[in-house]
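# Per-entry structural report
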Amino acid sequence: MICLRCGYCCLTSMVVIVVDPDKGLKEGNFKAINCLEERCPHLCGDEVGQYSCAVHDKKWYKKTPCFSHGQIERGNQNCRMGEHILAESRSKDKNK
Ligand code: SF4
Ligand code: SF4
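In this report, we go over the structure that sits alongside the text. (Residues numbered from 1 in each chain as written. Chains lettered and ligands numbered in written order. Predicted model: local features only at pLDDT ≥ 70, side-chain atom pairs only at ≥ 80, totals over all residues.)

## So, the overall build of the protein
Where we set the bar: By the criteria applied, helices consist of DSSP H or I runs no shorter than four residues and strands consist of E runs no shorter than two, each listed in order from the N terminus. Counting other C-beta atoms within 10 Å of its own, a residue is labelled buried from 20 upward, exposed at 12 or fewer, and partly exposed in the gap between, with every C-beta atom placed from the backbone. Once C-beta atoms are placed from the backbone, any two residues with those atoms within 7 Å are in contact.
Secondary structure summary: the protein contains three helices and four strands in total. When the helices and strands of the protein are read in sequence order from the N terminus, they spell out α-β-β-β-β-α-α. By residue count, 12% of the 96 residues in the protein fall in the buried class. Excluding contacts between residues fewer than 6 apart, the proportion of contacts in the protein whose partners are at least 24 apart in sequence is 62%.

Structure, rendered in structure tokens:
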């Protein structure tokens, strides 16, 4: 699945994150957060289509719940939710 960086997952999910990226997947280095109430410290960007994850390229990232969460599409297809949110955002911009 290709994440289109709409931000929806990281701004609205309840996730378990790795606190200190340098320590990696170690006991005591995890934290559960509700992203509706607390922004993930690893989320970069402030605009639909421009969000990114600062720990996405860590070698342990594929073992995290965040990675599993993003695997709902088959193969290398664009994320459908992301396409919808980006289209809505473009249409809002046009109507400004
Ligand atoms: S760790 Fe990355 S993918 Fe997970 S919530 Fe934070 S920014 Fe999003
Ligand atoms: S909804 Fe899709 S495009 Fe948006 S952040 Fe989640 S995986 Fe990425």
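This is not the end of the story, as more comes after the structure.
## Things to note about the site of ligand 1
The test is simple: Only the C-beta atom matters for this test: placed from the backbone, it must lie within 6 Å of a molecule or strand for the residue to be near it. Three classes are used, and their members are as follows: Ala, Val, Leu, Ile, Met, Phe, Trp, Tyr, Cys and Pro are nonpolar, Asp, Glu, Lys and Arg are charged, and the others, Gly among them, are polar.
Around ligand 1, the structure places C10, V15, I17, C40, H42, L43, C53, V55 and C66. The class makeup of the residues in the shell around ligand 1 is eight nonpolar, one polar and no charged.

## With respect to the site of ligand 2
Taken together, ten residues form the shell around ligand 2, and within it C3, C6, C9, C79 and G82 come nearest. Those elements giving two or more residues to the shell around ligand 2 turn out to be α1 (8–12) and α3 (80–94). When grouped by side-chain class, the residues that make up the shell around ligand 2 number seven nonpolar, three polar and no charged.

## Quick look at the environment of H84
Examined against the element boundaries, H84 turns out to sit in helix α3. Judged by local crowding, H84 falls into the partly exposed class, with 13 C-beta atoms found within 10 Å. The spacing of H84 and C6 is 78 residues in sequence and 9.3 Å in space, taken between C-alpha atoms.

## With respect to α3
This is how the line gets drawn: Every helix has an expected span of 1.5 Å times one less than the residues it contains.
Its 15 residues give α3 an end-to-end C-alpha distance of 21 Å, which sits within 8% of 21 Å, the value for a rise of 1.5 Å per residue. Buried residues are scarce in α3, accounting for one of its 15 residues.

## Digging into the environment of L11
Structurally, L11 can be placed in helix α1. Given 14 C-beta atoms within 10 Å, L11 falls into the partly exposed group. For the pair L11 and E47, spaced 36 residues apart in sequence, the C-alpha separation works out to 11 Å.

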